Amino acid sequence: MKIIKEAKRSQFKNEEGIFSSEIKGSTTLEVSEFYSGAPFPNYQGYESAFVLEKIVSKNPFLNDLKNHIGFGKKFIEVGSGTCQLSLAFAAGTNNLLVAMDPTKESLKLGKDFARKNNINNVVFLNSDIFDDVVQDSFFDVVWCSGVLHHTKDSKKGFEIISKWVKEDGLIIIGVYNKIGRLRTNFRQVIYRILKKSNFSIKLISLLDPYLRRNLSEEKRRAWFLDQYEHPVERKHSIDEVMNWFEDNSISYLGSIPSPSFEFKKISQMDGNKGLFINRFFAQITMLFSNLGGEGGLCIVVGKKMKKVDR
Ligand SMILES: C[S@@+](CC[C@H](N)C(=O)[O-])C[C@H]1O[C@@H](n2cnc3c(N)ncnc32)[C@H](O)[C@@H]1O
């Protein structure tokens, strides 16, 4: 298991294809217990490898990322939940995917999917970011979306995962945005004011654009609990994330939303941060797009600097 630091390999056991270690951090245990009862994002039930690949191909950013990566690369999805992204990026490639999460129940769903769909290039790793078990400078891409804001310390978590990416490799994170999540925060307030009654659940199901979709019972429950009942949740601005990047030798390439207000492929991202006012308005635009309607995640892409550039 070259993926794991040599000194930490003995902590792991292979439990039916999931490499597991004991999770000890109190916040991680609390959050992991929460997701054990509602693995996120869960499945519709009809997905196949082909369906997951199709979902990726319809999403301009994910489609570009998959093409950009190409073949023979190492990619870790940190906080993979039920592993859809890892599975979709593994399918039809010879890339090595690592789906890492402290919630075993979520990894089990991913593992079962991989077995049924004959996807053999995903390693399932049951671990906590803060145990820092992954080899430094090992991955071409480190992806961590929807995770850091649910940990004990987003910046410290970022500092750890940013060591796992190779020089010139990509690190992509998605965090709840201070402005972009306001629509969800508004619904959270309604839910609490109405004392989490059956009526408030029905109202939220009408107001939340994601819940208006045709979802399996498992996906609906996972989303509702994740958005309205989470025990640990923070928000961050693009500027905060840019500072984390700077402090950890990661150069900012681009983001969604972008300070230049246009979608750019990864190969076209030029690191233009714009002015504070551009970034402020870019985050405001989230309120009027799917990004803000569905949770308010802001995606930021960076590249690990070479030692000579630092
Ligand atoms: C909202 S889910 C996101 C899942 C997936 N990334 C997605 O976007 O669909 C958050 C995930 O982060 C995981 N997580 C929470 N704390 C973590 C930690 N300290 N280290 C690694 N993963 C963590 C949870 O177990 C959960 O599966």
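Here, every reference points to the structure presented above.
Thresholds, definitions, all that
Residues numbered from 1 in each chain as written. Predicted model: local features only at pLDDT ≥ 70, side-chain atom pairs only at ≥ 80, totals over all residues. Helix = DSSP H or I, 4+ residues; strand = E, 2+ residues; numbered from the N terminus. Rg over C-alpha atoms; globule rule 2.2 N^0.38 Å. Buried ≥ 20, exposed ≤ 12 C-beta atoms within 10 Å, placed from the backbone. Contact = placed C-beta atoms within 7 Å. Near = placed C-beta within 6 Å. Nonpolar A, V, L, I, M, F, W, Y, C, P; charged D, E, K, R; others polar. Pairing = 2+ DSSP bridges. Axes fitted to C-alpha atoms, helices over the stretch in contact; angles between N-to-C directions. Core = buried A, V, L, I, M, F, W, Y, C linked by C-beta atoms within 7 Å. Parallel < 35°, antiparallel > 145°, perpendicular 65-115°, else oblique. Left-handed = near helix turned anticlockwise from the far one by under 90°. Right-handed = clockwise from strand over helix to strand, strands pointing away.

## Some points on the overall build of the protein
Counting secondary structure elements, the protein contains twelve helices and nine strands. In summary, the protein has a C-alpha radius of gyration of 19 Å against a globular reference of 19 Å for 310 residues, a match within 12%. Principal-axis analysis of the C-alpha atoms gives the protein an extent of 55 × 50 × 40 Å. Considering the protein as a whole, with its 310 residues, one finds that 39% of them fall into the buried category. Across the protein, contacts joining residues at least 24 apart in sequence account for 75% of those joining residues at least 6 apart.

## Notes on the site of the ligand
Inspection of the region around the ligand gives 23 residues, with Gly 79, Gly 81, Thr 103, Ile 129 and Gly 146 positioned closest. Broken down by element, the shell around the ligand gets its largest block of residues, four residues, from helix H1 (residues 26-36). For the shell around the ligand, the per-class residue count stands at nine nonpolar, eleven polar and three charged.

## A short note on unusual backbone geometry
Here the bond from Phe 40 into Pro 41 is cis, since omega is 0°, no more than 30 degrees from zero. By secondary structure assignment, the location of Pro 41 is in the loop between H1 and helix H2 (49-58). Despite not being glycine, Ser 137 shows a phi value in the positive range, around 50°. What makes Ser 137 exposed here is the crowd of 11 C-beta atoms within 10 Å. Of note in this structure, Lys 195 is not a glycine but carries a positive phi near 55°. Tracing the chain through its elements places Lys 195 in the loop between helix H7 (182-193) and helix H8 (198-207). Overall, Lys 195 belongs to the exposed group, with 8 C-beta atoms counted inside 10 Å.

## Digging into the sheet that holds strand S8 (residues 250-256)
Across the sheet, nine strands lie side by side as S1-S2-S5-S4-S3-S6-S7-S9-S8; this open sheet has mixed pairing. Among the strands making up the open sheet, the edge pair consists of strand S1 (13-15) and S8. The sheet shows a mean angle of 20° between the axes of neighbouring strands, taken without regard to direction. For strand S4 (residues 96-100) and strand S5 (residues 122-126), the ladder comprises four bridges, and the chain directions are parallel. The residue bridging Ala 99 from the neighbouring strand is Phe 124, located in S5.

## Considerations on the nonpolar core
With 56 residues, the main nonpolar core has Ile 76, Leu 87 and Val 142 as its most contacted residues. Residue contributions to this core peak at seven residues, all from strand S7 (residues 165-176). Not counting residues within four places of it along the chain, the set of residues in contact with Val 142 comprises Ile 76, Val 78, Ile 161, Trp 164, Val 165 and Ile 171. Counting residues in hydrophobic clusters, the runner-up holds six residues, among them Val 31, Ala 38, Phe 40 and Trp 223.

## Here we look at the packing of H7 against H8
Close contact between H7 and H8 brings their axes to 9 Å; oriented N to C, the two are set at 165°. By the criterion of interaxial angle, the relationship of H7 to H8 is roughly antiparallel. As for how H7 packs across H8, the hand of that crossing is right-handed. Taken together, the residues of H8 that come into contact with H7 (itself represented by Arg 187, Ile 190 and Tyr 191) are Ser 200, Leu 203, Ile 204 and Leu 207. Its residues assigned to classes, the contact of H7 with H8 comprises five nonpolar, one polar and one charged.

## Remarks on the pairing of strand S6 (residues 139-145)
Looking along a regular strand, one sees the side chains alternate between the two faces of the sheet. The buried count for S6 comes to five of seven residues, which makes it a mostly enclosed element. Pairing geometry for strand S3 (residues 74-78) and S6, over three bridges, is parallel. The residue bridging Ile 76 from the neighbouring strand is Val 142, located in S6. Between the parallel pair S6 and S7, the chain is carried across by helix H6 (residues 154-162), and the sense of this crossover is right-handed.

## Comments concerning the environment of Glu 246
By the element assignment, Glu 246 lies in helix H10 (residues 238-247). With 56 residues separating them along the chain, Glu 246 and Gly 302 place their C-alpha atoms 9.9 Å apart.

## As for the pairing of S3
Of all five residues that make up S3, five are buried, and the element is covered over most of its length. Residues Lys 74, Ile 76 and Val 78 line one face of S3 and the alternating positions Phe 75 and Glu 77 line the opposite face, and both faces are buried. Sheet topology note: the S3/S4 ladder contains five bridges and is parallel. By the bridge assignment for S4, Ile 76 is matched with Val 98. For the segment spanning S3, helix H4 (residues 84-90) and S4, crossover handedness is right-handed.

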